[in-house]
Amino acid sequence: MTTDCLFCKMVSGQIKPNTVYEDDDMLVFKDINPQAPVHVLIIPKKHIATLNDLGQGDAQLIGKMFLKAVKIAKDSGVAESGFRIIMNCNADAGQSVFHVHLHLLGGRFLRWPPG
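Summary of the structure given here.

What counts, and where the lines are drawn
Residues numbered from 1 in each chain as written. Predicted model: local features only at pLDDT ≥ 70, side-chain atom pairs only at ≥ 80, totals over all residues. Heavy atoms only, no water. Helix = DSSP H or I, 4+ residues; strand = E, 2+ residues; numbered from the N terminus. Contact = heavy atoms within 4.5 Å. Areas by Shrake-Rupley, 256 points an atom, 1.4 Å probe, with all protein chains shown as cover. Lys, Arg positive; Asp, Glu negative; His and termini not counted. Charge placed at Lys NZ, Arg CZ, Asp CG, Glu CD. Phe/Tyr/Trp six-rings, centres within 6.5 Å; stacked < 30°, edge-to-face > 60°. Buried < 20%, exposed > 50% of the residue type's maximum accessible area, 1.4 Å probe, protein only. Lys NZ or Arg CZ within 6 Å of the ring centre and 35° of its normal. Polar contact = N/O pair within 3.5 Å; in protein donor to acceptor, adjacent residues only side chain to side chain. Salt bridge = Lys/Arg side-chain N within 4 Å of Asp/Glu carboxyl O.

### Observations concerning the overall build of the protein
No. 1: The helix and strand tally for the protein stands at 2 helices and 5 strands.
No. 2: Along the chain direction, N to C, the helices and strands of the protein fall in the order α-β-β-β-α-β-β.
No. 3: C-alpha atoms of the protein, sized along the principal axes, occupy 40 × 30 × 30 Å.
No. 4: Look at the contacts in the protein between residues 6 or more apart in sequence, and 51% of them connect residues 24 or more apart.
No. 5: Counting only carbon and sulfur atoms, one obtains 52% of the accessible surface of the protein, whose full area is about 7,000 Å².
No. 6: Each charge class in the protein was averaged separately, 12 positive and 11 negative side chains, and the resulting centres sit 6 Å apart.

Structure, rendered in structure tokens:
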């Protein structure tokens, strides 16, 4: 954990997000600036700054995050109509918090390309 990381502060309980799900490995919470009716962030509790920092030992954790995203999409009623999972890597891709995370968006038509 990093003391200046916003998401690490959520994991430690210093900041209270609008939690959707939590277990030993991850925290899922509603985005504070939602871009769709369903917009949650799925973060590992382990601090990993960017996708470039992933190691072989992180494969199971990242896979678990994607499986949880699909479950949340189903539970939220957007799995059949469609949903998007986004992971940004570094500033040019739109990463603003340097702690790996998935965005799960659904509940409206999502255009392509996104930006």
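### A look at the packing of aromatic side chains
No. 1: Applying the stated rule across the entire model yields 1 aromatic pair.
No. 2: Ring geometry for F7 versus F29: centroids 5.6 Å apart, planes at 70 degrees, classification edge-to-face. Here F7, found in helix α1 (residues 6-12), pairs with F29, found in strand β2 (residues 26-30); they are 22 residues apart in sequence, far enough to count as distant. Here F7 and F29 have matching classes, each one buried.
No. 3: Positioned above the aromatic ring of Y21 is the side chain of K68, whose terminal nitrogen or guanidinium carbon lies 3.7 Å from the ring centre.

### Side note on the side chain of Q95
No. 1: Looking at the element boundaries, Q95 is found in the loop between β4 (83-86) and β5 (102-106).
No. 2: Within the structure, the side chain of Q95 is placed 3.1 Å from the backbone oxygen of V97, a separation counted as a polar contact.
No. 3: Apart from residues no more than four positions distant in its own chain, Q95 is found in contact with A49, T50, N88, C89, N90 and H101.

### A look at the pattern of salt bridges
No. 1: Throughout the structure, instances matching the rule amount to 5 salt bridges.
No. 2: With a shortest N-O distance of 3.1 Å, K64 and D23 are connected by a salt bridge. Taken together, the residues span a long stretch of sequence, with K64 in helix α2 (residues 59-75) and D23 in the loop between β1 (19-22) and β2 at a distance of 41 residues.
No. 3: Overall, the relative accessible area of 32% leaves K64 in the partly exposed class.
No. 4: By relative accessible area, D23 is classed as buried at 15%.
No. 5: A salt bridge links D75 to K71; its shortest N-O distance comes to 2.8 Å. Of this pair, D75 and K71 are both found in helix α2, 4 residues apart, which corresponds to roughly one turn of the helix.

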